[in-house]
Amino acid sequence: MVADAEVVKIISSILKNLQIGKFVVKLNHRKLLEAMMEASGCDLRKFKTICSSIDKLDKEPWEVVSKELIQKEVNELSVNELEQYVKLKGKPSEMVVLLKETNLYKLDSGKASISELEVLSCNLQAFECEDSCLIDLSLARGLDY
């Protein structure tokens, strides 16, 4: 997680030096996405299919995305459970606290990914770049789907 934080620090430094104004570096964690799906009762064989839908939340409302998931034969109860997670956003340190209070933290996979997020948060704080970061659990780009 140190290398990940270093990359964010470099990106933040470059953007600050370019003086483009206020910016946000959006982050997510593949293992956290998988744990969200597991906690929601989703079939993990549909991981890429589900990710391609939830990644649309920056452009489409949840109602549209949830209908698409159901059309892709994702169980409606799982879709409803997934909603509580994909709407979460915040600074890394805030998200760690919040996620520890969810059902994700009861799963081994969720606990492990939240622990990794906590390490990342500490490193971002040490590099003084956490304030420019946002953990967005609907961010699912670049996952080869």
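Keep in mind it's a predicted model, so treat the numbers as computed, not measured.

1. Focus on the environment of V2
Here's step 1: On the secondary structure map, V2 appears in helix α1 (residues 2-17).
Here's step 2: Given the relative accessible area of 42%, V2 is considered partly exposed.
Here's step 3: In this view, V2 contacts N123 and F127; residues no more than four positions away in its chain are not counted.

2. Details of the side chain of N123
Here's step 1: With respect to the helices and strands, N123 occurs in helix α7 (residues 108-126).
Here's step 2: The exposure class assigned to N123 is buried, which follows from its relative accessible area of 17%.
Here's step 3: Excluding residues that lie within four positions of it along the chain, N123 makes contacts with M1, V2 and A5.

3. Remarks on the pattern of salt bridges
Here's step 1: Tallying each qualifying case throughout the model produces twelve salt bridges.
Here's step 2: R141 is the partner of D55 in a salt bridge, and the nearest nitrogen-oxygen pair spans 3.2 Å. Residue D55 is located in the loop between α3 (47-54) and α4 (62-71), and its partner R141 is located in the segment after β3 (133-136); the two are separated by 86 residues in the primary sequence.
Here's step 3: The partner of K72 in a salt bridge is E68, with the nearest N and O atoms 3.1 Å apart.
Here's step 4: Look at E68 and you get buried, because its relative accessible area is 17%.
Here's step 5: Three or more residues joined by partner-sharing salt bridges are found here, namely K26, K89 and D136.

4. Some words on α3
Here's step 1: With six of eight residues buried, α3 is to be regarded as a mostly interior element.
Here's step 2: Every buried residue belonging to α3 is among F47, I50, C51, S52, S53 and I54, and all of these are buried.

5. Digging into the pairing of β3
Here's step 1: The side-chain alternation of β3 yields two buried faces, one formed by C133 and I135 and the other by L134 and D136.
Here's step 2: Relative to β3, strand β1 (residues 25-27) runs parallel, the two sharing three bridges. By the bridge assignment, K26 is partnered in β3 with L134.
Here's step 3: The pairing of strand β2 (residues 89-90) with β3 spans two bridges and is classified as antiparallel. Looking at β3, one finds that K89 is bridged to D136.

6. Structural notes on the side chain of E130
Here's step 1: As for its position among the elements, E130 is in the loop between α7 and β3.
Here's step 2: One buried charged residue, E130, remains without a salt bridge, the closest side chain of opposite sign being K91 at 4.2 Å.

7. Comments concerning the state of the cysteines
Here's step 1: Evaluated as defined, the whole model comprises zero disulfides.
Here's step 2: For the unlinked cysteine C42, the closest cysteine sulfur is that of C51, found at 9.8 Å.
Here's step 3: Judged by relative accessible area, C42 falls into the buried class, the value being 9%.
Here's step 4: Of all cysteine sulfurs in the structure, the one in C133 sits closest to C129, which takes part in no disulfide; the separation is 5.1 Å.

Rules and cut-offs
Residues numbered from 1 in each chain as written. Predicted model: local features only at pLDDT ≥ 70, side-chain atom pairs only at ≥ 80, totals over all residues. Heavy atoms only, no water. Helix = DSSP H or I, 4+ residues; strand = E, 2+ residues; numbered from the N terminus. Buried < 20%, exposed > 50% of the residue type's maximum accessible area, 1.4 Å probe, protein only. Contact = heavy atoms within 4.5 Å. Salt bridge = Lys/Arg side-chain N within 4 Å of Asp/Glu carboxyl O. Pairing = 2+ DSSP bridges. Lys, Arg positive; Asp, Glu negative; His and termini not counted. Disulfide = S-S within 2.5 Å.

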